[in-house]
Amino acid sequence: MADRTVGVLQLLDLLKALRSLGADPERLCRAARLAPDALRDLGGHVPESAVDKILADAARHLRDPLVGLHAGEKAYLRGPLTYLLLSGMRLEWAIRRCIRFSHLASDALRFELHRRGDVARIAIIYDQARRRPNQHVID
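Because the structure is a prediction, the values reported are computed rather than measured.

Some thoughts on a nonpolar patch on the surface
A grouping of Leu-85, Leu-86 and Leu-91 is seen on the molecular surface, where their side chains present a nonpolar patch of about 340 Å² in accessible area. Note that Leu-86 resides in helix α5 (residues 80-87).

See below:
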């Protein structure tokens, strides 16, 4: 099975958040064997395994097993999914567009919207395929 991918824009936002926590993004990318050219195309994708290595290395370097969570607190969201959420006149329309285009951020990411009367529930599913669980994805 081909490696899952993550959008370059999302990785750049993650690296910026990791920098704010004290990590060195250039060192993290070198350790993950990501070529500098790989981050130039904002519409491109990188292997998910490289992002996993970046998070694991950052967790070791910063001595923070929840570095993904803490980076998420520092991240400023941007990109097509954020635009879709902010541009909709109705929240349901925006959520349905995010469901449709979630693969732009990560092809392992899937959303489901469940409605029952006035109550709505969003399920965010991160497809691990048949790999070992990722310690940076909270189940």
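So, the nonpolar core
Residues Leu-11, Leu-18, Leu-34, Leu-39 and Ile-54 are the most contacted members of the largest nonpolar core, which totals 22 residues. Elements represented by at least two residues in this core include exactly α1 (8-20), α2 (25-31), α3 (48-62) and α4 (67-74). Non-local contacts of Leu-11, meaning those with residues more than four positions away in its chain, are made with Leu-34, Leu-39, Val-46, Val-51 and Ile-54.

Observations concerning helix α6 (residues 91-101)
Among all positions in α6, only Ala-94, Ile-95 and Cys-98 are buried. Down the axis of α6, the buried side of the element spans an arc of 100°, and every buried residue falls inside it. Tucked inside the fold, the buried residues of α6 contact α5, β3 (109-116) and β4 (119-126).

Remarks on the side chain of Asp-57
When you line up the elements, Asp-57 lands in helix α3. For Asp-57, the contacting residues outside a window of four places in its chain are Arg-27, Leu-28 and Ala-31.

A word on α5
Because the α-helix completes a turn every 3.6 residues, residues three or four places apart line up on one side. When we look at burial in α5, the residues that qualify are Leu-81, Thr-82 and Leu-84. Looking down the long axis of α5, one finds its buried residues gathered within 160° of arc, a one-sided arrangement. In α5, those exposed residues whose orientation departs by more than 90 degrees from the buried face are Tyr-83 and Leu-86. Buried residues along α5 sit in contact with α6.

Considering the environment of His-70
With respect to the secondary-structure elements, His-70 resides in helix α4. Taking the relative accessible area as the measure of exposure, His-70 reaches 25% and is therefore partly exposed. Put simply, His-70 and Leu-18 are 52 residues apart on the chain and 8.5 Å apart in space, counted from C-alpha to C-alpha. What His-70 contacts, discounting residues up to four positions off in sequence, is Leu-21 and Asp-64. A polar side-chain atom of His-70 sits 2.5 Å from a polar atom in the side chain of Asp-64.

What counts, and at which threshold
- Residues numbered from 1 in each chain as written.
- Predicted model: local features only at pLDDT ≥ 70, side-chain atom pairs only at ≥ 80, totals over all residues.
- Heavy atoms only, no water.
- Patch = residues over 30% accessible without salt bridge, like charges linked within 9 Å, V, L, I, M, F, W, Y side chains within 5 Å.
- Areas by Shrake-Rupley, 256 points an atom, 1.4 Å probe, with all protein chains shown as cover.
- Salt bridge = Lys/Arg side-chain N within 4 Å of Asp/Glu carboxyl O.
- Helix = DSSP H or I, 4+ residues; strand = E, 2+ residues; numbered from the N terminus.
- Core = buried A, V, L, I, M, F, W, Y, C linked by side-chain atoms within 4.5 Å.
- Buried < 20%, exposed > 50% of the residue type's maximum accessible area, 1.4 Å probe, protein only.
- Contact = heavy atoms within 4.5 Å.
- Arc of directions from axis to C-beta.
- Polar contact = N/O pair within 3.5 Å; in protein donor to acceptor, adjacent residues only side chain to side chain.

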